[in-house]
Amino acid sequence: MGILIGLVVALAAMLGGFVAMGGHLEVLVQPFEYVIILGTSLGTFIISNSAKTIKDTGKAMGEAFKNKVPHQKDYLEVLGLLHNLMREMRSKSRSEVEAHIDDPKESPIFQAYPNIIKNTPMLNFICDYARLIIIGNARPHEIEALMDEEIQTIHHDLLKAKHALQDVTDGLPAIGIVAAVLGVIKAMGALDQPPEVLGALIGAALVGTFAGIFFSYGVFGPIAAKIKYVREKQVRVFVIVKSTLIAYMNGAMPQVALEYGRKVISAHDRPTIDQVENETIGGGAGA
């Protein structure tokens, strides 16, 4: 919704200002200029990216429009699951805990958090490191280094869509110039026409430069920035899991370990200690 509101404001300001200074909106109606610019940009986008990245870019744009970032409820669910899992690891045998992490979709602990079960990367991340913890051979600093490497890889993969769209953004002004040059070439073929006809052709050609710059800085650039914001917020949940589990490995009680995870949540979204306790000890989901 924020993206749509921003685009409406930008278009209203731009077109309103153009009309206010005496411009004619019909001059901007040059569909073939837009076909050249957007079609060429789409072609270069397809050339420079794999099918997986192209598909993920569409998904990322949908997430950006929906502002699909984790909210306080999502953080509480992650902390609640981690609390229950750490409590199991602390009080139950290895075989009993393994039964939960080997088949999390059938585990009553994980079933209490269906949103996490649907998030396959997060589910695998939690189960993989819980398994390493109960094996007991790895040291906390070794697990932490491994987590950092995996989080960096996840971060890199999630931002491939942003970089792909940013490449399109960077190329749009130049492609707009290409469309303008083609329009000028067309105008040069009409030099024998009256000035009003030639002026209209040149004006139409210049729309290409305008459109390329506007699509770059007014549309695709901001969307790419929003994708980065959304995807980096999604990565932050993995950091919460890391901080919590490493604290537990270093000897913290489950409820204390949750504080390490809670503290890495941004202040705007961070739940209070009471909220975390209600989610875990006080009878929240899965408690």
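Rules used throughout
Residues numbered from 1 in each chain as written. Predicted model: local features only at pLDDT ≥ 70, side-chain atom pairs only at ≥ 80, totals over all residues. Heavy atoms only, no water. Helix = DSSP H or I, 4+ residues; strand = E, 2+ residues; numbered from the N terminus. Rg over C-alpha atoms; globule rule 2.2 N^0.38 Å. Buried < 20%, exposed > 50% of the residue type's maximum accessible area, 1.4 Å probe, protein only. Areas by Shrake-Rupley, 256 points an atom, 1.4 Å probe, with all protein chains shown as cover. Lys, Arg positive; Asp, Glu negative; His and termini not counted. Charge placed at Lys NZ, Arg CZ, Asp CG, Glu CD. pLDDT = per-residue confidence, 0-100. Contact = heavy atoms within 4.5 Å. Arc of directions from axis to C-beta. 1 Å grid on protein atoms, 1.4 Å probe; cavity = no way out; pocket = protein on both sides within 12 Å on 5 of 7 lines; lining within 4 Å. Points joined across faces, edges and corners; volume = space filled by probe spheres on them. Nonpolar A, V, L, I, M, F, W, Y, C, P; charged D, E, K, R; others polar. Axes fitted to C-alpha atoms, helices over the stretch in contact; angles between N-to-C directions. Left-handed = near helix turned anticlockwise from the far one by under 90°. Patch = residues over 30% accessible without salt bridge, like charges linked within 9 Å, V, L, I, M, F, W, Y side chains within 5 Å. Salt bridge = Lys/Arg side-chain N within 4 Å of Asp/Glu carboxyl O. Core = buried A, V, L, I, M, F, W, Y, C linked by side-chain atoms within 4.5 Å.

1. Description of the overall build of the protein
Counting its regular elements, the protein contains 13 helices and 0 strands. Tracing the protein from N to C terminus, the helices and strands come up as α-α-α-α-α-α-α-α-α-α-α-α-α. At 27 Å, the protein has a C-alpha radius of gyration far larger than the 19 Å of a compact globule built from 287 residues. In terms of principal-axis extent, the alpha carbons of the protein reach across some 90 × 35 × 30 Å. Counting only residues that meet the buried cut, the protein has 41% of its 287 residues in that class. Total accessible area on the protein is roughly 15,200 Å²; 63% of this is exposed by carbon and sulfur atoms. Across the protein, 26 positive and 29 negative side-chain charges occur, with their mean positions spaced 3 Å apart.

2. Quick look at the confidence of the model for the protein
Taken residue by residue, the protein gives an average pLDDT of 91. The fraction at 70 or more is 98%. Averaged pLDDT values for the elements of the protein fall to 88 in helix α13 (residues 273–279) and rise to 96 in helix α3 (residues 51–66). Scored below 50 in pLDDT, residues 283–287 shows 16 contacts in the model against residues more than four places distant or in partner chains.

3. Thoughts on helix α5 (residues 94–102)
For α5, the full list of buried residues reads Val97, His100 and Ile101. Along the axis of α5, the buried residues cluster in a sector spanning 90°; they form a single face. Of the exposed residues in α5, those oriented more than 90 degrees away from the buried face are Ala99 and Asp102. Residues of α5 that are buried make contact with α4 (72–91), α6 (108–111) and α8 (120–135).

4. Details of the layout of surface pockets
Taken as a whole, the largest pocket encloses approximately 1,000 Å³ of empty space. As for the largest pocket, its lining consists of 30 residues, of which Lys59, Glu63, Asn119, Pro121 and Gln234 are closest to the centre. Listing elements by their share of the lining of the largest pocket, those giving two or more residues are α3, α4, α7 (114–118), α8, α9 (140–158) and α11 (195–249). Ranked by residue count, the leading element in the lining of the largest pocket is α3, at 6 residues. Here the residues of the lining of the largest pocket sort into 10 nonpolar, 7 polar and 13 charged. For the second largest pocket, the calculated volume is near 190 Å³. If you go around the second largest pocket, the residues you meet are Gln30, Pro31, Phe32, Glu33, Ile36, Ala179, Leu182, Gly183, Lys186, Leu201, Ala204 and Ala205. Taken together, the residues of the lining of the second largest pocket break down into 8 nonpolar, 2 polar and 2 charged.

5. Digging into the packing of α4 against helix α12 (residues 254–262)
It is at 9 Å that the axes of α4 and α12 come closest, and there the two elements cross at 145°. For the pair α4 and α12, the crossing hand works out as right-handed. Seen from α4, the contacting residues are Leu79, Leu82, His83, Met86, Arg87 and Arg90; seen from α12, they are Pro254, Gln255, Ala257, Leu258, Gly261 and Arg262. When the residues that make up the contact of α4 with α12 are grouped by side-chain class, the tally is 6 nonpolar, 3 polar and 3 charged.

6. Overview of a nonpolar patch on the surface
A surface patch of nonpolar side chains, amounting to about 440 Å² of accessible area, comprises Ile177, Val178, Val181, Leu182 and Ile185. Among the residues examined, Val181 registers a relative accessible area of 44% and is labelled partly exposed.

7. Description of a positive patch on the surface
Together, Lys55, Lys59, Lys66 and Lys68 make up a region of like positive charge exposed at the surface. Considering the arrangement of structural elements, one finds Lys68 in the loop between α3 and α4. The class of Lys68 is exposed, set by a relative accessible area of 53%.

8. Quick look at unusual backbone geometry
Positive phi values are uncommon outside glycine, yet Asn67 reaches one of about 50°. Checked against the element boundaries, Asn67 lands in the loop between α3 and α4.

9. What about the nonpolar core?
Ranked by size, the top nonpolar core spans 46 residues in total, and within it Met89, Phe110 and Ile126 carry the most contacts. Breaking this core down by element, the ones donating at least two residues are α4, α5, α6, α7, α8, α9, α11 and α12. Examining the composition of this core, we find that 11 residues originate from one element, α11, more than from any other. Not counting the four nearest positions on each side in its chain, Ile126 is found in contact with Leu81, Leu82, Leu85, Phe110, Ile116 and Val241. If you look at the next biggest cluster of nonpolar residues, it comprises 20 residues, including Ile37, Ala211, Phe220 and Ile223.

10. Notes on the environment of Tyr260
Structurally, Tyr260 can be placed in helix α12. Measuring from C-alpha to C-alpha, the distance between Tyr260 and Val241 comes to 9.4 Å, with 19 residues separating the pair along the chain. Sequence-distant contacts of Tyr260, defined by excluding residues within four places in its chain, comprise Ser243 and Ala247.

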